Each structure stands twice: as C-alpha cells, then as structure tokens.
Amino acid sequence: MKHMLLKILALCFVVYSGAQNINVSGIVQDQTGLPIPGANIIVKNTTQGEITNFDGGFTLTDVKPGATIVVSFVGYITKEVVIKDNSNLIIQLIEDIAQLNEVVVIGYGAQKKQDLTGAVSIVNAKTIEDLNPIDAAQALQGTSAGVSVSTPSGSPGGGFNILIRGVSSNIDNGPLVIIDGYKGDLNTINPNDIETFSVLKDAQAAIYGIEGANGVVLVTTKGGKRNTAAKFNYNGYTGMQQTTRQLPFMNATEYAITLNESYAADGKALPFPDISGLGKGIDWQDELFETAPITNHNVSISGGGEKSTYYFGGSILEQDGIIASDKSNFQRANVKTKLSFDITEKLKFTTSANYFNSNRNRIGENALGVPLFNALNYSPTYSLDQEDVSGFLGNEVVNPLSQLANTYDELNGNSIEGTFQIDYSILDNLTITSRIGIKSYNEKGKSFSPIVNYGAGKVFNTDRSSVYQYRTTDNSYTWETFATYNPVFGKNHNTTFTLGTSALRNWGDHLNATGFDVPNNSWEFADISLANGLSEAKSTGSYIYDSRLASFFGRLQYDYKGKYLLSAMIRRDGSSDFSPDNRIDYFSSVTAGWKISDEAFLKDSNVINFLKLRGSYGTLGNNVGSDLYRAGLSGEATYVFNNALVTGTANGRIPNPDAKWEVAEKFDVGLDLNLFNNKIEITTDYFIEDRNDLLIEGFPVSGILGAGAPGAGLPTVNAGTTRNKGVELFINYKETLSENTSFSIAYNVTKINGEVTAINGGVIPEAGNFSVGQPAIARMEVGQPLGYFYGLKTDGIFQNQAEIDAAPSQSSLGAVSAPGDFKYVDVNGDNEITIDDRTYLGKPQPDYIMGLNLSFNYRNLDFGAYMYAELGKETVRNYERDEPNVNRLNMYLNRWTGEGSTNSMPRNTIGATTNKVFSDFYVEDSSFLRIQNIQLGYSLSQPVVDKLGISKFRLYFSVNNAFTFTKYMGYDPAATNNAAIGGGIDYGFYPISRQFIVGLNLSI
C-alpha cells in the first residue's frame, strides 16, 4: 500500500510538472529587421532544438518556464534568451564581423581561421573602404605582415609592385594573383568590388605548384546574400591632389654664385659677372607641379532569394596628374557582376565577370632626360620660354616646359575577365567543382614625336616627325575540376580530401609600326595611315606567344578532436615553357598545427582564449622563363643583295635546353595567440626560404657560340641560390569602453635578412646605371644581399696637398686629386685607388617593414589612421646631371671652400675631378615612415536613417599620403622599379600625390 501511494504521488507530480511546460514561438531577425532562415534554436543544456524557417520563424514545444534558449547563426553573435511565458518572441541577432572573417580562402577550398596551419594574412572590405585605394594592391601596404607594396611611379595609372617576404629571385618576385578562381591582375579590378584578400606566404601555397614560390594573393569579390532584399550602395569621393615634396635646389642667385666659384677655381671667366638682379629666378618645379582633381564613383546593388544571389557593380575613376595634367592623366571604368543559382538541391551555378577599360596619357618619367629630370637640372636664370640654344647646360638638358609641350603618348586598354563555376553535391560529403576562368586584355597605344629644335647639339632634337603605334592582345584561360570529400571516421576524426586537375593557357600577339613625316607636324594627324615617309631601317615589329601548363593536385586535411591539425598537399606541373626533358616536376608541402588552448590545462584559462602552434615545410616553383630552350629569330642581320644592303633576321639569344624553373624551399613555424576575452590577438612567424636554381640572365659562355653577334645574347642559366629568413609579428588590440566608445590598434613588423648563397662559375651579374660611362652599380654576389649597391667608399675630403701626397693615388679614376676632392678608401690595400676598391654601399630592400593602424569610434564619429614604414634600406641619388653648368641641390652651398671648412662636401669646379665617380656620397638612407591615410567620418544615427528609409549615411574627410618622415632628399623614399638587380636607383621618380578627399557612403 505504501509503495502504491508513492507511485501515485510521483505520477501526479509528473502530470503537474508537464502541465506547467509551455510552447514557445518567435521570429529571428537581423539588425535591419530581415528574417534569418536556418538559425539554430537550442534549449540550453538539452538536445531539444529547432531551425528557423524561410520567414525566420520557429516553434518549440514543451519548454519549461525559466529555461534558456540559445540562438545562433553563422556570422552573428550567439544570443541567449530566458523563457518567461508563451508570448511570441522577436529575437534580433547582431552581425559578428570577427566571426565572418574566420572563414579564409586558402586555394581550392576554405578553412576556419582557427584551423589554419599556414601563414596567411587577411585584409577585409572595411580596410579597403578606409584606405580608398586607387589600385587594389595599395590595400595590402602596411596592413599585412610580411608584405611590402611599392610604386615605380606616382603618375596616374602607374601601378604598384607587391613583394611577399622580400626578394628571392633575380628576375621576378611578384606573387600569383587569383581572383575568384582565375589568374588575374589587381590593377584591372575595382577595389570596391573586393570582399577579402587572403595572402598565402609559406609552403601552404604549394597547392599552386610552379607559380606559388613568390606567394599567392587570393581575391574574393563581393556577392549577394541569400534571402536578402535588394541593397543599393554608393561610395564616392572627390578631391584635390598636390605633390608631397619639392626638392631643395638652388635659386638663381645661389646658382650663379656657385657657378662663378666653379669657373674661378678653374681659371675661367665668370659666367655671371653681375648677379645683383638675378633674385630667386625660376623654380622649374613650381612650373611643373600643379593642383589636380580626382573623382571616384562606385555603385552596387546586391541581394538574393532562397535559391539565388546577385551583385552588380559599376565604377568610374578619373585622376589627373600633378605634372602637366593634360599630358598625364588616367581614367578607369569597371562593370562587375556576380550571380549564383541553385539549379537543383545538389547542383549550384556561380558566375563572376568584370569588364575593365582604361585610358592613360603619359609623360616620360624615371629616366635620364625626362621632363622632371630636366626641371631639376635646368638653369633658374632662364625665362619660362627660353631654350638653351647655346648648349650652355650640355646636350642632354632642355627646357622642361617645351619638352612637355612636345610630348604625346597615350594608351587604351580593355579587359573582360571572369569565371563560370558548377558545384555538384554527389553525396552529402562529396562535392565536385568545375570552373573555367577567362581573361582577354587588349591594348593599343600611340606616341608622336614632332619636329623640334631645343638648341644646338641637343640629343632631343628631331628633324623628322614620326608616329609610333601598337596593338597587343593577351589572353588566358584556366580550367579546373576538383573533388572535395569529407568522410566521417567517428566523432573525433575530421578529414577533407581534395583531388583535382588544372589546365592553363596564356597566349597573345603584338604588332607595332612607325610612320614618318606626319602631316602638318601635328598630333591631330599623327596616324600611320597619314604618315607616308619611308625609312631605311625596319619600322615594324611583332611577336606571338603561347604558353601552357597542365597540372594535377591533391590535398589531405585532417584533425583529431579539433586540436591536432595536419595538411599535406602535392602538385604535378607540366609547362610548355621548358624543354620536353624538363617540363614535369612535383611540388609538395606538409603543414601542421596544435591548438594548445583546447588542452585541459588551458581550457578554462581566463587569460588565454586561444593558443595554436603551427609549422610548414615544402617546395614551390617560380616560372620566370619562357622558351629559354629555343633559339628565336630576334637578332639582326645585314646582307648584300643586288649590290644593295638588305636587313634580315638572325638567331637571337643563345638557347639553353637545360633551363628549368626556380624552386623555393620554404620552412615556417608560427604561433597564434588570443588573450583577455579575445581583446588582444598576436600572430608571430619565423621563416626561412632557400630559392634554388635561380635563372641568371646573360650567363657568360664561349664567344665561339656567337653571343656577340648583332641582336644575339648570352643564355639564361639556372646557376644561383638565395636565402631569405626573418620574423613576423602582428598584434591587434581592440577595446569597447562603453556602448558609444570603442577603439583598436593594430601593429605589424617584419624583419627580413636576405643574401645570395651560391652562384655557379663565380659569375657576378650586374645591372643599374649611374651617370654616363660608369660601370653598373648593383650586383648579385655570394654573401651579399641580392641587388646590393657596389661602389667606392669615401673617407672625407682632402684638406691640403700633404694629405693627398700621403694617400694612395686616385689618378686611375680619371683625374689627379686636389684639395677639396673626395678621399676614397683603399679597400684592397694595394696603395692605389681603382675600381677594384669598390665595396658594399647599401641595398634597396629594407631590413624592416612595419604597419600601424588606428581606429576610434565615439557615437556617430569615427576616426582612422594607417601608417607604413620601411627601415634599413638605401636609395641611389641619380637625378643630378653630370654637367658643369646645371643646377644643383642647395646642399652644395656647404661645399669645401678651404682647409677645415667641411669634410663631407667637395669643392666647386668645372674641371675634371674624381668626385662624380659612383660612391657612398650618392647613396642615401631612404628609411621612412609614411602616414598614408587619415580619415574622419560622421554617420547619421540609426533613428534618423530609419526615418529617411535608408540603412547608412556617412560623410567623411580623408587625407592620403599625408606625411612622410625621412632623411632621403628625393621625391619618394619608397619608389623603386622593383628590379631585383638595379632597383632603388632614383632618376627623379614622379612623386606620389597627397590627396584631400571628401566622400560619401550611402546604403539603401
């Protein structure tokens, strides 16, 4: 009886308890009120749950009052709600930007950031929006550890160079760029269409085999979101540009005084007997530089339904140059589409397309004799329209304004590029992806050289007008098919297999011609069809090329309990660029990681939220050769036929049938650490790269092979090795001080040490020009950095004849020394100064590259600043003409004038001296810190934009290239042509512009 009563009481308790449970319904929305289908609703600490329907709705039955439900969805912050009654709930999720960024594209797949085992840097759309880059490559400058971005020119449309972890190859160091799956170029896409950059820096890039040695930049463009209403975005700005710097050259009076002194020192009559009325004269930089406009408009519309998404974008950029804006300007237009459709539940189709058009007018730049070079060297005593008819300034310096007036050079480019992709899910854990990426670029250009006379003997004089025109077509396609398989081996084993094949073809052609005697000596009539003059020399040229690459690749990704990570990959490449015996090779890598923070001894830490140790090792290729194994008919030959000289063709460069691609052997060990509720994020890497089988151009061989014939050349041979090693550190700190106030600070620094470790046969490749008639000043030598500067080292100034008599003779350099001349160091100790005493003088690559990025938000105001620095590098000052009467930097006002006056600046003279031999006097420290962007924005508050029926309205003011702090005297300490040997020589780089911009971000 007792047991029966207990059973009855228990049953009553259960019935009573069940009667108190309730049914809960609700809707899950985002911040704009749009429903979120597919969100997970789980009763906390139970297995009871639901998924929201298409309208974001859900219903949970038999839920105990006071229970907590957990609401989560990918890309949003998880939210917990306590159930009080059975009323309908409206649950709003907040977008989690950090979580969105966790999914990283790594090549033929994606991976959560926390599961990465390779060294990867990520730059998102927010950074691109802050920086407003004209060229997409600029968004990587200072924002990605290990990545340096430089420009060969600040002229509109001048482009940018990217280096990942320094210079390893002596030919090509640019990374592979993949845009939505196809091989592309960053300068043809609109930066506002980019969602993210992923930069693969270590052996993880081995999945790209022969093209991955210099690193890989993976670009994902923007697309629409499913079940989202159409969203319209406008991002635009307008502003003005000005030069960031003018060089301190002498004014007319200073110029005349120093020139008089030079003539007097040589016993010659003074060129300016009366300097009283000269004043400051003409500052030719003032006459060249101007304030120029820049405008940029970007519009897009995106959205999606249950089974499709869409994105349409368009942009127009117009930028005038800060020198002769009618002759130096750039216009770019882009049209972008990206669509995806679920054809069936298992079959998905995606397409992405970009149309690019550019028009660019150019002036001569970054070379001896260009307008800016002449502006620095032209006499300040001349009037604006005065030509140097007497040749007083030499035969290579002319009036820069006249030169610009006679400069005509334009080009037009058009490109269509994109991908078509199909994903078919054969099984729940097996997907086949097939895509084809295409790119077709067409460019045409024209330049006109009118009849002009700048003065007696000037090398720029033209007594016959001519027009040069060309057309170039470059095409490529990439077809790839790969399978991704995720088998299930118990709850602790997660495995992904990727197996695929790829076929790449690059082909194109070029045609050019020169016409003479342009009618009316006018640009308006500058066309080959109208120029009927004949030339004795060949006036046409052409080429064709066709390169193919066939590949197979595979990758295994495995983790145990989500803590122990392993990835192994292999790729087989076959390239038509090399001989049949050398076309095939295999590239492989292994990467691994250990999530230490998931171990029991750290799992409950209040300080360390995430800690992962990772490492990688593998080999990659650098395909920098093309048809090196074949002899081309690119040489010159002159024959006698019918008693007349006839121009023909002959073999060009000597072929090398043994040539193959360069191979990079990469090792990396890294640590990822998050602290204090993920407020502090730290990533650090130590890396070593050995670049083997470097292709060295112009390798010396026996003269009997014919390398000295007209148009011929020495072969390109695999004959060198380099090593780069260094350390990267990235630190990001973010803090929310209150509901209205937050800030973040991100800093990255990379230390790189590079050197040449081997060259076969003792060959020392050289390049880089300085002045006229002097030997090359940059070289590749074992034990030294690649492309280091090589010249004489100074040891002060000779103060008197006794010092000259006691020092080694310098007469073999071309002149007898006198007091006030440079004293050079006898490096080899033979008691004579010769070119054999040349030594290391510096290098164009920095020891350190750094970025510091700040952001601060208070209520509706936002502030941001981006900074970039390069330390421990040098640049050669080569924009001063080696002529006695040209203008000079005002530092020469501190020249040697007598014993004890100075020990650093030589005397003034027009006589022969050894002072202009290349030495460390012309090599400057070009370390710099640049504040590349400062931006202040104001956004309308949410209640206001809601009333206006829009989702965002933000006005901002921005200054790009605001300040540059450097000791370097040239225009731009960051500028370089990026040549591995011969880079960092400044001929008067077209300076980058400082831009003052007012912009608008609008979303509806």
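Located above this text is the structure these notes cover.
The text that follows walks through the structure, step by step, so that each part is easy to find. Here the structure is a predicted model, which means the values were calculated and not measured.

Quick word on the overall build of the chain
Turning to step 1, where the next piece is worked out: A count of helical and extended segments in the chain gives 10 helices and 51 strands.
Turning to step 2, where the next piece is worked out: For 1004 residues, the compact-globule formula gives about 30 Å, and the C-alpha radius of gyration of the chain, at 33 Å, lands near that figure.
Turning to step 3, where the next piece is worked out: Judged by the C-alpha coordinates and their principal axes, the chain covers about 135 × 65 × 65 Å.
Turning to step 4, where the next piece is worked out: In the chain, buried positions account for 51% of the 1004 residues.
Turning to step 5, where the next piece is worked out: Here the analysis covers contacts within the chain between residues at least 6 apart in sequence; of these, 71% occur between residues at least 24 apart.
Turning to step 6, where the next piece is worked out: Carbon and sulfur atoms provide 56% of the accessible area of the chain, an area that totals close to 44,400 Å².
Turning to step 7, where the next piece is worked out: Taken as two groups, the 78 positive and 104 negative side-chain charges of the chain have centres that lie 9 Å from each other.

Looking at the nonpolar core
Turning to step 1, where the next piece is worked out: In terms of nonpolar packing, the biggest core is built from 69 residues, with Ile-323, Met-780, Phe-789, Val-876, Tyr-879 and Phe-918 touching the most fellow members.
Turning to step 2, where the next piece is worked out: Looking at this core, the elements that each hand over two or more residues are helix 4 (252–265), helix 5 (284–288), helix 6 (371–377), strand 37 (741–759) and strand 42 (822–824).
Turning to step 3, where the next piece is worked out: With sequence-adjacent residues up to four places away left out, Val-876 is seen in contact with Phe-770, Ile-777, Phe-789, Phe-918, Tyr-922, Val-923, Tyr-968, Gly-984, Ile-985 and Asp-986.
Turning to step 4, where the next piece is worked out: Counting residues in each nonpolar core, the second largest holds 22 residues, with Ala-137, Ala-139, Val-147 and Tyr-182 among its members.

Description of the environment of Ile-833
Turning to step 1, where the next piece is worked out: Mapped onto the elements, Ile-833 comes out in the loop between strand 42 and strand 43 (839–842).
Turning to step 2, where the next piece is worked out: When its relative accessible area of 0% is taken as the criterion, Ile-833 is described as buried.
Turning to step 3, where the next piece is worked out: Spatially, the C-alpha atoms of Ile-833 and Phe-489 are 75 Å apart, while their sequence positions differ by 344 residues.
Turning to step 4, where the next piece is worked out: Setting aside chain neighbours within four positions, we find Ile-833 in contact with Pro-808, Ser-809, Gln-810, Ser-812, Leu-813, Tyr-824, Val-825 and Asp-826.

Topic: the packing of aromatic side chains
Turning to step 1, where the next piece is worked out: Going through the model one piece at a time under the given rule, you end up with 29 aromatic pairs.
Turning to step 2, where the next piece is worked out: Centre to centre, the rings of Tyr-560 and Tyr-564 are 6.2 Å apart; their planes meet at 15 degrees, and the pair counts as stacked.
Turning to step 3, where the next piece is worked out: Tyr-564 sits in the partly exposed class, given a relative accessible area of 32%.
Turning to step 4, where the next piece is worked out: Taken together, the aromatic side chains of Phe-770, Phe-822, Tyr-824, Tyr-892, Phe-918, Phe-921 and Tyr-922 make up a single cluster linked through ring pairs.
Turning to step 5, where the next piece is worked out: A cation sits over an aromatic face here: Lys-327 above Tyr-408, 4.4 Å from the ring centre.
Turning to step 6, where the next piece is worked out: Here Arg-877 stacks its cationic end above the ring of Phe-921, 5.0 Å away from the centre of that ring.

Remarks on the pairing of strand 5 (residues 68–72)
Turning to step 1, where the next piece is worked out: Taking burial as the measure, the five residues of strand 5 include four buried ones, the bulk of the element.
Turning to step 2, where the next piece is worked out: Here strand 2 (residues 40–43) runs beside strand 5; their pairing, made up of four bridges, is antiparallel. Each bridged residue has a counterpart across the sheet, and for Val-43 the counterpart in strand 5 is Ile-69.
Turning to step 3, where the next piece is worked out: Examined bridge by bridge, strand 5 and strand 6 (residues 79–82) share four bridges and lie antiparallel to one another. Pairing of Val-70 across the sheet is with Glu-80, part of strand 6.

A short note on the side chain of Thr-407
Turning to step 1, where the next piece is worked out: Positionally, Thr-407 belongs in the loop between helix 7 (400–405) and strand 22 (408–427).
Turning to step 2, where the next piece is worked out: A polar side-chain atom of Thr-407 sits 2.7 Å from the main-chain carbonyl oxygen of Gln-403.
Turning to step 3, where the next piece is worked out: Once residues lying within four places of it in the same chain are set aside, the contact partners of Thr-407 are Lys-327, Arg-362 and Ile-363.

Some points on the sheet that holds strand 3 (residues 49–51)
Turning to step 1, where the next piece is worked out: One open sheet holds the four strands; their spatial order is 3-2-5-6, and the pairing between them is antiparallel. At either end of the open sheet lies a strand with only one pairing partner, and these are strand 3 and strand 6. Recorded for the sheet is a direction-independent mean angle of 20 degrees between the axes of neighbouring strands.

Some thoughts on the pattern of salt bridges
Turning to step 1, where the next piece is worked out: Counted according to the given criterion, the structure contains 47 salt bridges.
Turning to step 2, where the next piece is worked out: Between Asp-180 and Lys-336 there is a salt bridge, with the nearest N and O atoms lying 3.5 Å from each other. A residue pair is termed long-range when its members are at least 10 positions apart, and Asp-180 in the loop between strand 13 (176–179) and strand 14 (182–183) and Lys-336 in strand 20 (residues 329–342) qualify at 156 residues. For the pair Asp-180 and Lys-336, a shared accessibility class is recorded, and that class is buried.
Turning to step 3, where the next piece is worked out: A single network of salt bridges, built from pairs that share partners, joins Arg-165, Lys-201, Lys-612, Arg-614, Asp-668, Asp-672, Asp-685 and Glu-728.

Remarks on unusual backbone geometry
Turning to step 1, where the next piece is worked out: If you check the backbone angles, Asn-366 has positive phi at about 55 degrees while not being a glycine.
Turning to step 2, where the next piece is worked out: Position of Asn-366 relative to the elements: it lies in the loop between strand 21 (347–361) and helix 6.
Turning to step 3, where the next piece is worked out: One non-glycine residue, Asn-520, lies in the positive phi region at around 65 degrees.
Turning to step 4, where the next piece is worked out: Overall, Asn-520 belongs to the exposed group, its relative accessible area being 59%.

Let's talk about the environment of Asp-658
Turning to step 1, where the next piece is worked out: Tracing the sequence through the fold places Asp-658 in the loop between strand 31 (644–650) and strand 32 (662–675).
Turning to step 2, where the next piece is worked out: A relative accessible area of 59% places Asp-658 in the exposed class.
Turning to step 3, where the next piece is worked out: Distance from Asp-658 to Tyr-629, taken between C-alpha atoms, is 6.9 Å for residues 29 residues apart in sequence.
Turning to step 4, where the next piece is worked out: Excluding residues that lie within four positions of it along the chain, Asp-658 makes contacts with Asn-582 and Asn-718.

Structural notes on the sheet that holds strand 50 (residues 985–986)
Strands pair in a sheet through their backbones, by hydrogen bonds, and they do so in one of two ways: parallel or antiparallel.
Turning to step 1, where the next piece is worked out: Spatial strand order, 47-46-50: three strands in an open sheet with mixed pairing. Each edge of the sheet is formed by a strand with only one pairing partner; in this case those strands are strand 47 (923–925) and strand 50.
Turning to step 2, where the next piece is worked out: Of the pairings in the sheet, the one linking strand 46 (residues 874–877) to strand 47 comprises three bridges and is antiparallel in character. What sits directly across from Thr-875, in strand 47, is Glu-924.

Regarding the environment of Pro-487
Turning to step 1, where the next piece is worked out: Its location among the elements puts Pro-487 in the loop between strand 24 (466–485) and strand 25 (493–516).
Turning to step 2, where the next piece is worked out: Between the C-alpha atom of Pro-487 and that of Val-459, which follows or precedes it by 28 residues, the distance is 73 Å.
Turning to step 3, where the next piece is worked out: Residues in contact with Pro-487, not counting those within four places in the same chain, are Asn-429, Thr-495 and Phe-497.

Looking at helix 4
Turning to step 1, where the next piece is worked out: Over its 14 residues, helix 4 extends 20 Å from the first C-alpha to the last, a length consistent with the 20 Å expected when each residue adds 1.5 Å.
Turning to step 2, where the next piece is worked out: Within helix 4 the residues assigned to the buried category are Ala-252, Tyr-255, Ala-256, Thr-258, Leu-259, Asn-260, Ser-262 and Tyr-263.
Turning to step 3, where the next piece is worked out: Regarding helix 4, its N-cap is Asn-251, as a side-chain oxygen of that residue lies 3.2 Å from the backbone nitrogen of Thr-253 further along.
Turning to step 4, where the next piece is worked out: Where helix 4 ends, the next residue or the one after it, Gly-267, has phi of about 75 degrees, a positive value.

Focus: the pairing of strand 2
Turning to step 1, where the next piece is worked out: What you see with strand 2 is a clean split: Ile-41 and Val-43 sit on the buried side and Asn-40 and Ile-42 on the side with no burial.
Turning to step 2, where the next piece is worked out: Pairing of strand 2 with strand 3, which is carried by three bridges, proceeds in the antiparallel orientation. When the sheet's bridge partners are listed, Ile-41 is paired in strand 3 with Glu-50.
Turning to step 3, where the next piece is worked out: Linking two consecutive strands that pair antiparallel, namely strand 2 and strand 3, is a turn of five residues; a positive phi of about 65 degrees is found at Asn-45 within it.

Some remarks on a nonpolar patch on the surface
Turning to step 1, where the next piece is worked out: Where nonpolar side chains cluster on the molecular surface, the patch consists of Tyr-564, Trp-594, Phe-601, Leu-613, Tyr-617, Phe-667, Val-669, Tyr-686 and Val-727 and spans about 790 Å² of accessible area.
Turning to step 2, where the next piece is worked out: If you list the elements that add at least two residues to the nonpolar patch, you get strand 29 (608–622) and strand 32.
Turning to step 3, where the next piece is worked out: Among the secondary structure elements, Phe-601 is positioned in helix 8 (residues 600–603).

With respect to the side chain of Ser-502
Turning to step 1, where the next piece is worked out: Take Ser-502: it is sitting in strand 25.
Turning to step 2, where the next piece is worked out: The residues touching Ser-502, leaving out its near neighbours within four places in the chain, are Tyr-108, Thr-478, Trp-479, Glu-480, Leu-549, Ala-550, Ser-551, Phe-553 and Arg-571.

Thresholds applied
- Residues numbered from 1 in each chain as written.
- Predicted model: local features only at pLDDT ≥ 70, side-chain atom pairs only at ≥ 80, totals over all residues.
- Heavy atoms only, no water.
- Helix = DSSP H or I, 4+ residues; strand = E, 2+ residues; numbered from the N terminus.
- Rg over C-alpha atoms; globule rule 2.2 N^0.38 Å.
- Buried < 20%, exposed > 50% of the residue type's maximum accessible area, 1.4 Å probe, protein only.
- Contact = heavy atoms within 4.5 Å.
- Areas by Shrake-Rupley, 256 points an atom, 1.4 Å probe, with all protein chains shown as cover.
- Lys, Arg positive; Asp, Glu negative; His and termini not counted.
- Charge placed at Lys NZ, Arg CZ, Asp CG, Glu CD.
- Core = buried A, V, L, I, M, F, W, Y, C linked by side-chain atoms within 4.5 Å.
- Phe/Tyr/Trp six-rings, centres within 6.5 Å; stacked < 30°, edge-to-face > 60°.
- Lys NZ or Arg CZ within 6 Å of the ring centre and 35° of its normal.
- Pairing = 2+ DSSP bridges.
- Polar contact = N/O pair within 3.5 Å; in protein donor to acceptor, adjacent residues only side chain to side chain.
- Axes fitted to C-alpha atoms, helices over the stretch in contact; angles between N-to-C directions.
- Salt bridge = Lys/Arg side-chain N within 4 Å of Asp/Glu carboxyl O.
- Expected span 1.5 Å × (residues − 1).
- Patch = residues over 30% accessible without salt bridge, like charges linked within 9 Å, V, L, I, M, F, W, Y side chains within 5 Å.

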